[in-house]
Each structure stands twice: as structure tokens, then as C-alpha cells.
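So the chains spell out like this:
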Amino acid sequence: MNNNTYKLTIGGEERTLKWSMYALERMDDIPAAKSDAVNFIRLIWGGLCGAALTNEPGVTVHDVSDWVDELIVSDPKLLADVYKSFTDSTFYKTITKTVDDAAKKKKPTGAK
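To keep things clear, this report deals only with the structure shown in the data block. Note that the structure is predicted; figures quoted are calculated from it, not measured. Numbers given to residues run from 1 along each chain, matching the order in which its sequence is written. At least 70 in pLDDT is required for a residue's local features to be given in this predicted model, at least 80 for side-chain atom pairs to be given and counted, and no such filter applies to totals for whole chains, interfaces and linings, which use all residues. Note that the side-chain values use all heavy atoms of the structure and ignore hydrogens as well as water.

## As for the pairing of strand β2 (residues 13-18)
Move 1: DSSP bridges decide pairing: two strands pair if at least two such bridges lie between them. By definition, any uninterrupted DSSP run of H or I lasting at least four residues is a helix, any uninterrupted run of E lasting at least two residues is a strand, and each is numbered from the N terminus. Where strand β1 (residues 5-10) and β2 come together, six bridges link them in antiparallel fashion. Each residue of the ladder has a partner; that of I10, found in β2, is E13.
Move 2: Between β1 and the antiparallel strand that follows it, β2, lie two residues; G11 among them carries a positive phi value of about 65 degrees.

Here is the structure:
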């Protein structure tokens, strides 16, 4: 398995999540929220879209929402593993380093 992908069984099928700029864009299909559940829906939806590389990954946001609702109760460790896969991915590390480097360059001289 590639460092930018994660396989999981959800909705009765093995599916692949792929972390990419496209996945990040598709996460924005769902408004950000303070709710962990909504953020897991965003993460899984984006990953499914990233793996599909099409407008639709063969499931709906509502499907993903139902699956996350079930996993919160039945298998919260799987959700933690999905999140860890995202934050450990080369994609995530590269994008956060790029953002951090850009922020450092914009800091005024003498700022801490």
C-alpha cells in the first residue's frame, strides 16, 4: 500500500482512500464543523473521491455519513486509523510543510 492511500472495509466493501490535492478539494464539498463526526465524513469523502479521480466515487455523502455514524459506535479505532493514515501520509506532511514554510516567510522581521 502506498503511503498516500488507505484501504478500509466500509459499507460492506473494501474501499481505498487516496490523499491528494483533489481529495482535499472534495473535502470542501461538506462544510467544516467543530464536530468530529463531520470531520470524519469530510476525510472519508475526500479520500474516496481522491481514489476515484472522478466527480463521484460511486457512493454519496449520505452513505459516508451513515457509515461514520455506525463506526463511531461500532469501531471508533477504525476512524482513528483513517485519521492517522491521513496525517502520516507524504501528501499531508508535504502540504503542511509548504504552508508552514510560507507562513514563516510572511512573518515580519523581528516577529516571534
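Moving on from the coordinates now.
## Focus on the environment of G50
Move 1: If you trace the backbone, G50 turns up in helix α2 (residues 36-52).
Move 2: Separated by 27 residues in sequence, G50 and A23 have C-alpha atoms that sit 4.3 Å apart.
Move 3: Working rule for contacts: check all heavy atoms of both residues, and any pair within 4.5 Å makes them a contact. Residues contacting G50, with those up to four places away along its chain left out, are K18, S20, Y22 and A23.

## Considering the packing of helix α4 (residues 76-88) against helix α5 (residues 90-106)
Move 1: Every angle, taken between N-to-C directions, lies between 0 and 180 degrees, and every axis is a line fitted to C-alpha atoms, over only the stretch in contact when it is a helix. For the pair α4 and α5, the least separation of the axes is 4 Å and the interaxial angle reads 55 degrees. Taken together, the axes of α4 and α5 are oblique relative to one another. Contacts between α4 and α5 involve F86, T87 and D88 on the former and, on the latter, T90, F91, Y92 and K93.
Move 2: When its residues are assigned to classes, the contact of α4 with α5 shows three nonpolar, two polar and two charged. The cut-offs work like this: below 35 degrees is roughly parallel, past 145 is roughly antiparallel, 65 to 115 is roughly perpendicular, and the gaps in between are oblique. Residues are grouped as follows: nonpolar covers Ala, Val, Leu, Ile, Met, Phe, Trp, Tyr, Cys and Pro; charged covers Asp, Glu, Lys and Arg; every other residue, Gly included, is treated as polar.

## Considering the packing of aromatic side chains
Move 1: Stacked, tilted and edge-to-face are the three classes assigned to paired rings of Phe, Tyr and Trp, where Trp is represented by its six-membered ring and a pair needs centres within 6.5 Å; plane angles under 30 degrees give stacked, over 60 edge-to-face, the rest tilted. Under the definition given, this model contains two aromatic pairs.
Move 2: Feature note: the residues W19, F86 and Y92 constitute an aromatic cluster, connected by ring pairs.

## Re the nonpolar core
Move 1: We define the nonpolar core as a collection of buried residues of types Ala, Val, Leu, Ile, Met, Phe, Trp, Tyr and Cys that are connected through side-chain atoms lying within 4.5 Å of one another. Each residue gets one of three labels from its accessible area relative to the maximum for its type: buried under 20%, exposed over 50%, partly exposed in between, using a 1.4 Å probe on protein chains only. The biggest cluster of nonpolar side chains holds 24 residues, and the ones touching the most others in it are L17, W19, I44, V64 and V82.
Move 2: Among the elements of the structure, β1, α2, α3 (61-74) and α4 are those that each provide at least two residues to this core.
Move 3: Of all the elements, α2 adds the most residues to this core, at seven residues.
Move 4: Here W19 is in contact with N3, N4, T5, Y6, M27, L43, G47, V82, S85, F86, S89 and F91, once residues within four sequence places are set aside.

## Remarks on α4
Move 1: In this analysis, the expected span of each helix is defined as 1.5 Å times one less than the number of residues it contains. For α4, spanning 13 residues, the distance from its first C-alpha to its last is 18 Å, which sits close to the expected 18 Å at 1.5 Å a residue.
Move 2: Of all the positions in α4, only L78, L79, V82, S85, F86 and T87 are classed as buried.
Move 3: Check the buried side of α4 and you find it contacts β1, β2, α1 (21-27), α2, α3 and α5.

## Quick word on the packing of α3 against α4
Move 1: Where α3 contacts α4, the two axes come as close as 5 Å, and the packing angle between them is 115 degrees. Between α3 and α4, the crossing angle belongs to the class labelled roughly perpendicular. Of the residues in α4, those in contact with V68, L71, I72, V73 and S74 of α3 are P76, L78 and L79.
Move 2: Partitioning the contact of α3 with α4 into residue classes produces seven nonpolar, one polar and no charged.

What is shown is where atoms sit, not what they do.
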